[in-house]
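Working through the structure, step by step
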Amino acid sequence: MSQLPRPVRLAGAGADAEQACPLGVCDGSGWILGPEDVARPCECRERRIARRRARGVASTIPRKYRTVSFDAPPVSNMERDPARAPVYRAVKEFVESIDERLTEGEGLWLMGDVGTGKTTLAMLVSKAAVEAGHTGAIYSLPRLLSRIRRTYDADAGEQSYLEFFERLTEVDLLHIDDLGAEKRSDWVLEQLYAIINERYETQRSVVVTTNLSQEALEEQIGPRTVSRLVEICGDPLPLFGDDMRYAV
Ligand SMILES: Nc1ncnc2c1ncn2[C@@H]1O[C@H](COP(=O)(O)OP(=O)(O)O)[C@@H](O)[C@H]1O
Ligand SMILES: [Mg+2]
Ligand SMILES: [Zn+2]
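As a convention, each chain's residues are numbered from 1 in the sequence order in which they are written. The lettering of chains begins at A and the numbering of ligands begins at 1, in the order of writing. This being a predicted model, a pLDDT of at least 70 is required before a residue's local features are given, and a value of 80 or more before pairs of side-chain atoms are given or counted; all residues contribute to the totals for chains, interfaces and linings. Heavy atoms from the whole structure form the basis of all side-chain values; hydrogens and water molecules are not counted.

Focus on the environment of T116
- On the secondary structure map, T116 appears in the loop between β3 (108–112) and α4 (118–131).
- Classification of residues uses two cut-offs on accessible area relative to the type maximum, computed with a 1.4 Å probe and protein chains only: under 20% is buried, over 50% is exposed, and between them is partly exposed. On the basis of relative accessibility, which here comes to 0%, the residue T116 falls in the buried class.
- On a C-alpha basis, the gap between T116 and L239 in space is 6.1 Å, while along the polypeptide they are 123 residues apart.
- Apart from residues lying up to four places away in sequence, T116 is in contact with M78, R84, L239, F240, G241, D242 and M244.
- A polar side-chain atom of T116 sits 2.8 Å from the main-chain carbonyl oxygen of D113.
- Polar side-chain contacts of T116 include one of 3.4 Å to the backbone oxygen of L239. Helix and strand definitions here come from DSSP, where helices need a minimum of 4 consecutive H or I residues and strands a minimum of 2 consecutive E residues; each element is numbered from the N-terminal end. Residues count as neighbours in contact if any of their non-hydrogen atoms are within 4.5 Å of one another. Polar contact is defined as a pair of N or O atoms within 3.5 Å, subject to the rule that within protein one atom must be able to donate a hydrogen and the other to accept it, and that residues adjacent in sequence are counted only when both atoms are side-chain atoms.

Next comes the structure, spelled out in C-alpha cells:
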C-alpha cells in the first residue's frame, strides 16, 4: 500500500498533537534514525518535552486573532499611521527574533486606549512563539485569576495550585491580556507578584497589554510587580487614539 502523506497539524490545535519538526530535521517524532537503526534525539525533542509539561495551561490563540498578520489589514494599516508605526515596527522586530527574545527572557508591554490594537499585536507575538515550537500560556487577567481560584477546590486527580503555578512560570512565554482589569485585592496582588517575580528571576518572557498608565498600574497591581515588568519588558509601547472597533 502506498504511504499516506503525514497530516499537517495546525500550531495550537491541541497541546497533545504531535507537530512537524520546527527545525525541519526529524520526522516529527523528536528522534533521528541513524545507521543500524540507532536513534538519537533531535534538537526539537527538548521543546516537545516542555510542551508536554505545559499541558494544563491555555495556549490557543482565540479564533478572532488566528488569521491576523503583519502584512494584511487591519494590522498592516498601522505601518502607515505615524502615531502607531513605531509600535508596529517594535512588535514586528520582536516577532522576527522571537527565538532570541524568548531565550533572553525579554518581553513586551503594550499600553493604551481601548480598541487601539493592543490585543491584536500581542496575539501576533503569541502566535509566532507557538508556531516556532515554544510553549506559551495565554490568558486575560480575569480568566487567569479564576483559573487559579479553581485549583483551590480541585478534586483529587485535578491539577493542584502548585502544579498550575509551576506550569505557568515554566512556559517560554506568558501572555496576560488586560492587566489591571480586575478588582484590586490583597489576594490578586499576591498572585500576580508571585507569578511575575518567579518569571523575572528565571528570566522568562512576559507579554502584557493594559489600558492603564504605568502610574495607574502601580496603583492597581502594586509597584513591586510593575517594576519587575519594566525589567522584563522595557518601557511600555504606547498605543493611543480612537477605538477602532467603531471605525467604519
Ligand atoms: N491597525 C488596525 N486598524 C484598524 N482596526 C484594527 C487594527 N488593529 C486591530 N483592529 C481592530 O480593532 C479592534 C480592536 O482591536 P484590539 O486588538 O482588540 O484592541 P485593544 O486590545 O487595544 O482593545 C478589533 O476589532 C481589531 O480587529
Ligand atoms: Mg484588548
Ligand atoms: Zn525534530
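Section: the sheet that holds strand β6 (residues 205–210)
- Two strands form a pair only when DSSP identifies at least two bridges running between them. Spatial ordering of the open sheet is given by β4-β5-β6-β3-β7, a layout of five strands whose pairing is parallel. Of all strands in the sheet, those with a lone pairing partner are β4 (136–140) and β7 (237–239), marking the two edges. With direction set aside, neighbouring strand axes in the sheet form an average angle of 15 degrees.
- Interaxial angles span 0 to 180 degrees and are taken between N-to-C directions of axes, which are lines fitted to C-alpha atoms, for helices over the stretch in contact. Of the strands in this sheet, β3, β6 and β7 touch helix α2 (residues 85–96), which is tilted by about 135 degrees from β7.

As for the coordination of the zinc ion (ligand 3)
- Note on the zinc ion (ligand 3): its protein donors are C21 (SG), C26 (SG), C42 (SG) and C44 (SG). The metal-donor distances range over 2.3 Å.
- Counted as coordinating are nitrogen, oxygen and sulfur atoms within 2.8 Å of the metal, or 3.2 Å for Na, K and Ca, while water is not included, which may make sites look incomplete. Four donors are marked tetrahedral only if all angles between them lie between 85 and 135 degrees, whereas four are marked square planar and six octahedral if opposite donors are more than 155 degrees apart and the other angles lie between 65 and 115; the remainder are marked irregular. One can describe the site at the zinc ion (ligand 3) as tetrahedral: its four donor atoms subtend angles covering 103 to 114 degrees at the metal.
- Read in sequence order, the donor residues for the zinc ion (ligand 3) give the motif C-x4-C-x15-C-x1-C.
- Accessibility expressed as a relative area gives 5% for C42, which makes it buried.

Structural notes on the site of ligand 1
- Contacts to ligand 1 come from 14 residues, most closely from P74, G115, K118, T119 and T120.
- Side-chain polar atom of Y65 to an oxygen atom of ligand 1: 3.2 Å apart, as the coordinates give it.
- For the accessible areas, the method is Shrake-Rupley and the probe is 1.4 Å, while residue cover comes only from the protein chains on display. Look at ligand 1: alone it shows 560 Å² of surface, and the protein chains cover 85% of it.
- Here the term cavity refers to a set of points on a 1 Å grid, laid over the protein atoms alone, in which a 1.4 Å probe fits but cannot get out; the term pocket refers to an open set having protein on both sides within 12 Å along at least five of seven lines, with lining residues being those that place an atom within 4 Å of a point. Whether a molecule lies in a cavity or pocket depends on its atoms, and more than half of them have to be within 2 Å of the grid points. Mapping ligand 1 onto the cavity grids shows that it belongs to the largest pocket.
- Of the residues belonging to the shell around ligand 1, the class tally is five nonpolar, five polar and four charged. Any residue with a heavy atom positioned within 4 Å of a molecule or strand is treated as near that molecule or strand. Gly falls in the polar group here, along with every residue not listed as nonpolar (Ala, Val, Leu, Ile, Met, Phe, Trp, Tyr, Cys, Pro) or charged (Asp, Glu, Lys, Arg).

Here we look at the packing of helix α5 (residues 141–152) against helix α6 (residues 161–170)
- Following both chains from N to C, one finds α5 and α6 inclined at 145 degrees, their axes separated by 8 Å at the closest point. Touching L144, R147, I148, T151 and Y152 of α5 are Y161, F164 and L168, all from α6.
- Looking at side-chain class alone, the contact of α5 with α6 contains six nonpolar, one polar and one charged residues.

Brief notes about the nonpolar core
- Here the nonpolar core consists of buried residues drawn from Ala, Val, Leu, Ile, Met, Phe, Trp, Tyr and Cys, with membership extended through side-chain atoms lying within 4.5 Å. The biggest cluster of nonpolar side chains holds 30 residues, and the ones touching the most others in it are L144, L168, I176, L179 and L229.
- The residues contacting L179, other than those within four sequence positions of it, are L141, L192, V208, T209, T210, L212, L217, I221 and L229.
- Membership of the second largest hydrophobic core comes to 28 residues, among which are F70, V87, A122 and V207.

Thoughts on the packing of aromatic side chains
- Aromatic pairs are defined between Phe, Tyr and Trp rings, using the six-membered ring for Trp, whenever the two ring centres lie within 6.5 Å; interplanar angles under 30 degrees are classed as stacked, those over 60 as edge-to-face, and all others as tilted. Applying the stated criterion to the full structure yields five aromatic pairs.
- A ring pair is formed by F70 and Y88, whose centres lie 5.7 Å apart and whose planes are at 85 degrees; its orientation type is edge-to-face. Of the two residues, F70 is situated in the loop between α1 (45–53) and α2 and Y88 in helix α2; the sequence distance between them amounts to 18 residues. Like F70, the residue Y88 is buried in the burial classification.
- Consider the rings of Y152 and W187, whose centres lie 6.0 Å apart with planes at 75 degrees: the pair is edge-to-face.

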